[in-house]
Amino acid sequence: MSDDWHTRLKRLRGATRLSQAKVARLLGIAAPSVAQWETGRSKPSLDRLPALAEIYGVTLETLCGHDLGSPKEALRAANDEPLTQRTPISGYVAAADRIVIFENGDCQGQPIDDVELPFKNYPGLVFQITGESMVPRYKPGEIIGVQLPGKPFPSIKMLGKDVVARLSDGQTVIKTLNTGPSRDSYVLTSVNPLVQPIYDPDIEWIAPIDFHIV
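Let us now look at empty space enclosed by the protein. For the structure on display, the rule yields one cavity of 30 Å³ or more. Roughly 90 Å³ of internal volume is contained in the largest cavity. Mapped onto the lining of the largest cavity, the elements with two or more residues apiece are helix H3 (32–38) and strand S1 (85–88). With three residues, the single largest contributor to the lining of the largest cavity is S1. Class assignment of the residues belonging to the lining of the largest cavity gives a composition of four nonpolar, four polar and four charged.

Put into structure tokens, the structure is as follows:
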């Protein structure tokens, strides 16, 4: 059967009855990556192809076809064991510290590209900063790493640090977590002084930021 590479990847995964999230976990990559492959928005890197062929139970030649790269080059790339990791952008930070997470390969009209992390096997998602509302702490083009979905309640270790929080009104935001005016209360404050703090936020989940790098 002759089909485009993204159609082929979707068909092969469907034959295994594995979810996109399960495939991503087996590969040690961010969950939206597989969705972006199957919509044609990005391609799996050469070094991932041998493992992907094994997961789908097909030969590397079948997986690669004529449009995903040379099987020999894929094997060579997988054996090189690079010290860095290419991973797709999973969303972006918009105005007022709001995070837009790409769902099912929908990039919300934003140009996306893989970014190179200076380490391997990061299990979380990466988001890219857009605009200048969070300068100087976060500059346009920087990326942050977060492991989601986080925890249902803040921990003491998160106090005074930047976090990503999903609120009950549907917003996902990046803020600094501080203690509130009363006992056992919290406030989420923005890097941007023009953005009002959120007192006693109704949090669905909250996660610390693992890193932010250019």
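Having seen the structure, we can now continue with the description.
Time to look at the packing of helix H2 (residues 20–27) against helix H4 (residues 49–56). Where H2 meets H4, the axes come as close as 10 Å, and the angle between the chain directions of the two elements is 130°. Judged on the interaxial angle alone, H4 and H2 are oblique. Classified by chirality, the crossing of H4 by H2 is right-handed. Between H2 and H4, the contacting residues are Val23, Leu26 and Leu27 on the first element and Ala51, Leu52, Ile55 and Tyr56 on the second.

Another point: the pattern of salt bridges. Pairing between side chains of opposite charge can happen when the charged atoms of each approach one another. The tally for this structure, following the rule as stated, stands at six salt bridges. For Asp3, the salt bridge goes to Arg11, with nearest N and O atoms at 3.0 Å. A residue is classified by how much of its surface remains accessible, and Asp3, at 13% relative accessible area, is buried. Linking Arg13 and Glu38 is a salt bridge whose minimum nitrogen-to-oxygen distance equals 2.5 Å. Separated by 25 residues along the polypeptide, Arg13 in helix H1 (residues 5–16) and Glu38 in helix H3 bring together distant segments of the chain. There is no split in this pair, since Arg13 and Glu38 are both buried. Several salt bridges share partner residues, and in doing so they unite Asp3, Arg8, Arg11 and Asp67 into one network.

Parameters and conventions
- Counting restarts for each chain: residues are numbered from 1 in the order of the written sequence.
- Local features in this predicted model are restricted to residues whose pLDDT is 70 or higher, and side-chain atom pairs enter the listing and the counts only when it is 80 or higher, whereas totals over whole chains, interfaces and linings include all residues.
- The side-chain values count all of the structure's non-hydrogen atoms but skip hydrogen atoms and water molecules.
- Only protein atoms enter the calculation, which uses a 1 Å grid: trapped sets of points that fit a 1.4 Å probe without letting it out are cavities, open sets showing protein on both sides within 12 Å along at least five of seven lines are pockets, and any residue with an atom within 4 Å of a point is a lining residue.
- Grid points are joined across faces, edges and corners, and a volume is the space filled by probe spheres set on the points.
- Helix and strand definitions here come from DSSP, where helices need a minimum of 4 consecutive H or I residues and strands a minimum of 2 consecutive E residues; each element is numbered from the N-terminal end.
- Any residue that is not Ala, Val, Leu, Ile, Met, Phe, Trp, Tyr, Cys, Pro, Asp, Glu, Lys or Arg is counted as polar, Gly included; the first ten are nonpolar and the last four charged.
- Lines fitted to C-alpha atoms define the axes here, with helix axes fitted over just the stretch in contact, and angles between the N-to-C directions of these axes take values from 0 to 180 degrees.
- Oblique is the label for any angle not covered by the other classes, which are roughly parallel (under 35 degrees), roughly antiparallel (over 145) and roughly perpendicular (65 to 115).
- Should the near helix be turned anticlockwise from the far one by less than a right angle, the crossing is left-handed, and should it be turned clockwise, the crossing is right-handed.
- Any two residues whose heavy atoms approach within 4.5 Å at even a single point are treated as in contact.
- When a carboxyl oxygen of Asp or Glu is within 4 Å of a side-chain nitrogen of Lys or Arg, the pair counts as a salt bridge.
- For every residue, the accessible area obtained with a 1.4 Å probe (protein chains only) is divided by the maximum for its type, and the residue is called buried under 20%, exposed over 50%, and partly exposed between those limits.

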